[in-house]
Structures are given as structure tokens and as C-alpha cells.
Amino acid sequence: MNEDLRNVVLGVLATGVSATLGWLTRTYLWRRKLRRKQAFFGLPGGSECLLVVNRDATTDGAVRRFDVFALLELAALIKDCGAHAQIIQHDLAQQGFGERTEFCLGGPGSNRRMAAHLSSLLPGVSVIIQREPSAERSMFQVGAERYQMEPGSAEYVILARLTAGEGGRPVFLFCGQRAIDNQAATRYLARHHEKLARKYGASGSFVLLLKVVNSQAYGPDVVELIADVTREARTAPVVPATT
């Protein structure tokens, strides 16, 4: 074998080894990223989860368009984790939590399951439920602070990840003042889940208050983080003693 041929063979071998090492490195990093994502969402490969959806009280019980979009956002996350989803109406979800990851969508006025979660898991959060339009309709109170909706201009949504029950699987809550706010929260979670996992850990709980800015022009895309209200939301209000 002459020197030129030996150099060609060595070059091919070196290229092959380099490509193999690069592929192995990318595969390792991809799998590690996937494991972290699965751990944060509580969705190991092949597992099942619940998508609990609300119903529009002003119609015949259909799911609102923006809530359908929110479900699609969540379905993409679930598929990426290699898990399977079961969609169930809020008034049919008569089971505990912790055994399967749950994504619960909609405010307490249209989602009975959300109302139960707020009462038992987030006693510091209250939502004014009124069918008739008024200045205080759908207003949030978190601790001592109130957040009033300005439809189409400034709206609020609670995004929470909570662990409860024996199984330890998380419950994700998307409780918006309007349907478009629910989609905004799911999109925020899809975009920032890695940052949230680094901050709160794979098993940590959090309650975030988000503001949807100018939804009439920007839809669900422009979202601001107002505050981490975990402590306030999980603390029951003090009831004044009666004399």
C-alpha cells in the first residue's frame, strides 16, 4: 500500500469515527433532553394522561375554538414525550389525581374540575363568576391582590403545576379569564418548560400569574409573567373570628 492510498484510508476512517462520535453525542443529548421533558411533565414513554376540557356555558356545550387550539398545543407536547392522552369532559372526570398527569383547561365557571382543583389545591385563589357582563366579571383575587380583566387589552391567566396524590404525577392548570388566555398559557408552557424545569425542578410545584397583552391584535402570542404567586395561591385566606 503506497503512502497516498494509506492517507486516503486513514482519512476515511477518521471521518467515519468522527461522524459516529458526533451521532452518539447528539443522540445522548437528545435522549437526556427528552428524559428531562418527560420528568417535568410526568409523562414517561408509553404513559397515559388526562386532558380535562371545559364546555362553553353560552352555547350547546361545545368546546370554544381557542380551547381547541390549546388542546392541540398540549397534544403536541404529549406526543413529543411518547405518551398518550385521553380527552374527557370536565363533568365526567370523577377521579383523584396523582396516578396520571392531568392537564385541566378553563375557568371554574365552565369547568367543574377546575373549580374543585382551585378549592382544594389553591385556596388562596378566587374567581368572580358572573354570567352577565360587569366590571368585575372573571376578576381574579390571589391573596390580597385583585386582577380585573380588560377584554382584548389586558387579561390574566393562572398557569400552575401541582403535585398531589399518591402517584406523584403533576396536575397542570390553565385557568384564564377568557378562552384565548387558556391557549396563551399552554403556549407559554410549551415555550418555557425547560426554563421552568431548571427553576422549580422536575417535581416542584409552582403557580404563575400571566398577563395576556392586547389579545385583540396579537392573539395568544404576547404574554408577560406578572408574578410567582405560589405562596399566596396555596395559602387559605384567614376568616375573621366572629363574636
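To start, this report covers the structure provided alongside it.

Conventions we followed
- Per chain, residues are indexed from 1 in the order of the written sequence.
- Residue-level local features of this predicted model are given only where pLDDT is at least 70; pairs of side-chain atoms are given and counted only at 80 or more, and the full residue set underlies all totals for whole chains, interfaces and linings.
- Derived side-chain values reflect all non-hydrogen atoms in the structure, with water molecules and hydrogen atoms excluded from consideration.
- Helix and strand definitions here come from DSSP, where helices need a minimum of 4 consecutive H or I residues and strands a minimum of 2 consecutive E residues; each element is numbered from the N-terminal end.
- Think of it in three bands: residues with accessible area under 20% of the maximum for their type are buried, residues over 50% are exposed, and the middle band is partly exposed, with areas taken using a 1.4 Å probe on protein chains only.
- Contact definition: two residues touch when any of their heavy atoms are within 4.5 Å.
- A 1.4 Å probe and the Shrake-Rupley method give the accessible areas. Residues count as covered only by the protein chains that appear here.
- A pair of strands is labelled paired if DSSP reports no fewer than 2 bridges between them.
- Helix axes are fitted only over the stretch in contact, all axes being lines through C-alpha atoms; the angle between N-to-C directions runs from 0 to 180 degrees.

Some words on the overall build of the protein chain
Logical step 1: Looking only at helices and strands, the protein chain features six helices and ten strands.
Logical step 2: Split into buried and exposed, the 243 residues of the protein chain put 42% on the buried side.
Logical step 3: For the protein chain, contacts bridging at least 24 residues in sequence account for 65% of all contacts bridging at least 6.
Logical step 4: Taken as a whole, the protein chain presents about 13300 Å² of accessible surface, with 53% of it coming from carbon and sulfur.

Regarding the side chain of glutamine 183
Logical step 1: Structurally, glutamine 183 can be placed in helix 4 (residues 179-200).
Logical step 2: Not counting residues up to four positions away in its chain, the partners in contact with glutamine 183 are Phe66, Phe69, Ala70, Glu73 and Pro220.

Things to note about the sheet that holds strand 5 (residues 140-142)
Logical step 1: The strand order 4-5-6 describes an open sheet built from three strands, whose pairing is antiparallel. Among the strands making up the open sheet, the edge pair consists of strand 4 (125-127) and strand 6 (145-147). When the angles between neighbouring strand axes are averaged without regard to direction, this sheet yields 20°.
Logical step 2: Where strand 5 lies against strand 6, three bridges are found, and the strand directions are antiparallel.

Interpretation note: all reported values are geometric properties and have no functional meaning in isolation.
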